Amino acid sequence: MEHQKEELTEPVSPMGQYFNSSALCLYIIGVLEFEVPIDDLQTFALLKDVFLPINPRFSSIMVQDKNGEKRWKQVDVNLKDHVKIPIFPEGKTMELYDKCFHDYLSSISMEQLPQGRPLWEIHMVNYPTSDASGTIIFKLHHALGDGYSLMGALLSCLQRADDPFLPLSFPSLRPSKLNESSSTKSLWRRFSWMLTSAFNTASDFGWSILKSSVISDDKTPIRWGDEGADFHPISISSVSFNIDHIKYIKSRLKVTINDVVTGIVFYGTRLYMQEMDSKSKIANSTALVLLNTRNIDGYQSINDMLNTKAKGPWGNKISFLHVPIPKLNESRISNPLDFISETHNIIKRKKQSLVVALAGTLLDMEGKFRGQEEVAKHLRGTVTMSSAVISNLVGPLQQMSLANHPVKGLYFTLAGGPESLAISIMSYMGMLRVTLKTEKDFIDEQKLKSFMQSAFETILKEATEVPQETN
């Protein structure tokens, strides 16, 4: 089944080249869990009529022109090459299908896509698991775009389950702004912020350079070492939290939802590290947090994304931030809320810094002077010298459906990187899904999941005992 297109000569962005190089080959794995079986889905028609027209990159390959520049070249797409339907044993128990799906997801995440055809695959899993009656796995090369772009593409294929004519809505991506009581106070705060920002930017930028080139995290139960774990077997699993509970903790502690979620992830990670090696509870460990650099609230339509003047354009508009994972001392074991407080202080300080913008500028300069391959090696080194990679996406509040097949769950993860632990966070229908990509036979994923759940329950319990201010 061919899909004809004209040739395209759009240049590949620098970030796209970094993510598809000899040093790095990164993928985004998206998983849609359905309430009903999906064996009757008109998959090829949906791909031809809905998916491929979204963006020319879905029908393009990456080639090098006569000047050595990498460009997207459109080709004929044989959809049969891109649709995979695994065969599991018939008539087995739900537990066996859970294991089959888990093993299959982990296995395909390790495989590299052929460079001679467009860099994506769809896997149709027509077997019931404890999470879904049927599952679709999207595997897309990171060079095609970042999570924001690919989520926008996915949303353009889906509709609201209750009414397809109504738009999907999303939680706000921006914190509410405080009202200033006077112009003098506002002026002073702006001046104070500028001074603090200048100091934090200088400090964080210097620290970021050191962390990317000189200073490695300690070897711990979540970090293999400087050589990386690119080709080691991986495992993918997830744990879910109720967003209403997250909001409750937020209101009790007077912090942000991001503070709560990050604090829970950090606390659960440290509890796991302590369990596996007691010395690692105070080891120097850093999370590399991936950030969307678009100055926009919410998702744009695909047409808007593809506009050259768009505020939220298609592509890889991301940067990274080094965030130290708070250490687990005796006081934090007895009072886990200290983890939330310290995480809040760290994130607040990082927000008063321009290090994210400077990091992007530095990469651009390095690319011009040293070349894309050298920058890719630099980025790989940055990842291997840290302990974990964290990314997040905001999903819709309402339930979605694909061709009248309701979507029960939605999550994503990153694959192909050298890190031993990647943590991906996504909201959907009032639930927060934390997905763990772990290095198999090095990280005990079941124990890590258990400690994440324990961290959430402990912090929720402790939050209920925080005295509230009375008016």
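In this text, all values refer to a predicted model and were calculated from it rather than measured experimentally.

Procedures and definitions
Residues numbered from 1 in each chain as written. Predicted model: local features only at pLDDT ≥ 70, side-chain atom pairs only at ≥ 80, totals over all residues. Heavy atoms only, no water. pLDDT = per-residue confidence, 0-100. Contact = heavy atoms within 4.5 Å. Axes fitted to C-alpha atoms, helices over the stretch in contact; angles between N-to-C directions. Helix = DSSP H or I, 4+ residues; strand = E, 2+ residues; numbered from the N terminus. Parallel < 35°, antiparallel > 145°, perpendicular 65-115°, else oblique. Nonpolar A, V, L, I, M, F, W, Y, C, P; charged D, E, K, R; others polar. Expected span 1.5 Å × (residues − 1). Buried < 20%, exposed > 50% of the residue type's maximum accessible area, 1.4 Å probe, protein only. Pairing = 2+ DSSP bridges. Left-handed = near helix turned anticlockwise from the far one by under 90°. Phe/Tyr/Trp six-rings, centres within 6.5 Å; stacked < 30°, edge-to-face > 60°. Lys NZ or Arg CZ within 6 Å of the ring centre and 35° of its normal.

## Brief notes about the confidence of the model for the protein
- For the protein, mean pLDDT is 86; residues scoring 70 or higher make up 88% of the total.
- Every residue in residues 1-6 is under pLDDT 50, and counting partners more than four places away or in other chains gives 20 contacts.
- This stretch, residues 176-182, has a pLDDT under 50; its non-local contacts, to residues over four places away or in other chains, come to three contacts.

## Structural notes on the packing of helix 11 (residues 355-370) against helix 12 (residues 372-384)
- Contact geometry for helix 11 and helix 12: axes closest at 7 Å, N-to-C directions at 135 degrees. One way to sum up the angle between helix 11 and helix 12 is to call them oblique. Residue-level inspection shows Leu363, Glu366, Gly367 and Arg370 of helix 11 in contact with helix 12, the latter providing Gln372, Glu374, Val375, His378 and Leu379.
- When its residues are assigned to classes, the contact of helix 11 with helix 12 shows three nonpolar, three polar and three charged.

## Describing helix 12
- Taking 1.5 Å of rise per residue, 13 residues should cover 18 Å, and helix 12 covers 18 Å from first to last C-alpha, within 8% of that figure.
- When we look at burial in helix 12, the residues that qualify are Val375, Ala376, Leu379, Arg380, Gly381, Thr382, Val383 and Thr384.

## Concerning the pairing of strand 18 (residues 431-439)
- With eight of its nine residues buried, strand 18 lies for the most part within the structure.
- Inspection of the sheet shows strand 11 (residues 234-242) paired to strand 18 by nine bridges, in the antiparallel sense. Within the sheet, the bridge partner assigned to Val239 lies in strand 18 and is Val434.
- Looking at chain direction, strand 17 (residues 421-428) and strand 18 are connected through eight bridges and run antiparallel. Within strand 18, the position partnered with Ile425 by the bridge is Val434.
- Between strand 17 and the antiparallel strand that follows it, strand 18, lie two residues; Met429 among them carries a positive phi value of about 55 degrees.

## Some details on the packing of helix 7 (residues 257-276) against helix 10 (residues 337-351)
- Running from N to C, helix 7 and helix 10 point in directions that differ by 120 degrees, and their axes come no closer than 8 Å. Comparing the axis directions of helix 7 and helix 10 gives the class oblique. Along this stretch, helix 7 crosses helix 10, giving a crossing that reads as right-handed. The residues of helix 10 that touch helix 7, namely those facing Asn258, Asp259, Val260, Thr262, Gly263, Ile264, Phe266, Tyr267 and Arg270, are Phe339, Ile340, Thr343, His344 and Ile347.
- The class makeup of the residues in the contact of helix 7 with helix 10 is seven nonpolar, five polar and two charged.

## Thoughts on the sheet that holds strand 2 (residues 10-11)
- Spatially, three strands are ordered 2-5-4 in an open sheet, and the strand pairing comes out antiparallel. Pairing within the sheet leaves two strands with one partner each, and these edge strands are strand 2 and strand 4 (60-64).
- Sheet topology places strand 4 next to strand 5 (residues 70-74); five bridges connect them, and they run antiparallel. Following the sheet pairing, Val63 is matched in strand 5 by Arg71.

## Concerning the packing of aromatic side chains
- Evaluation of the coordinates by the stated rule reveals nine aromatic pairs.
- Note on Phe51 and Phe58: the rings are 4.4 Å apart at their centroids and 15 degrees apart in plane angle, and the pair reads as stacked.
- The exposure class assigned to Phe58 is buried, which follows from its relative accessible area of 0%.
- Plain terms: the ring middles of Phe51 and Trp120 are 4.9 Å apart, the flat faces sit at 65 degrees to each other, and that makes the pair edge-to-face. Taken as a pair, Phe51 in helix 2 (residues 43-51) and Trp120 in strand 8 (residues 120-125) lie far apart in primary sequence, 69 residues in all. Assigned by exposure class, Phe51 and Trp120 land together as buried.
- Every member of this aromatic cluster is reached through a ring pair, and the members are Phe51, Phe58, Trp120 and Trp314.
- Its guanidinium or amino end placed over the ring of Tyr27, Lys139 lies 4.6 Å from that ring's centre, counting from NZ or CZ.

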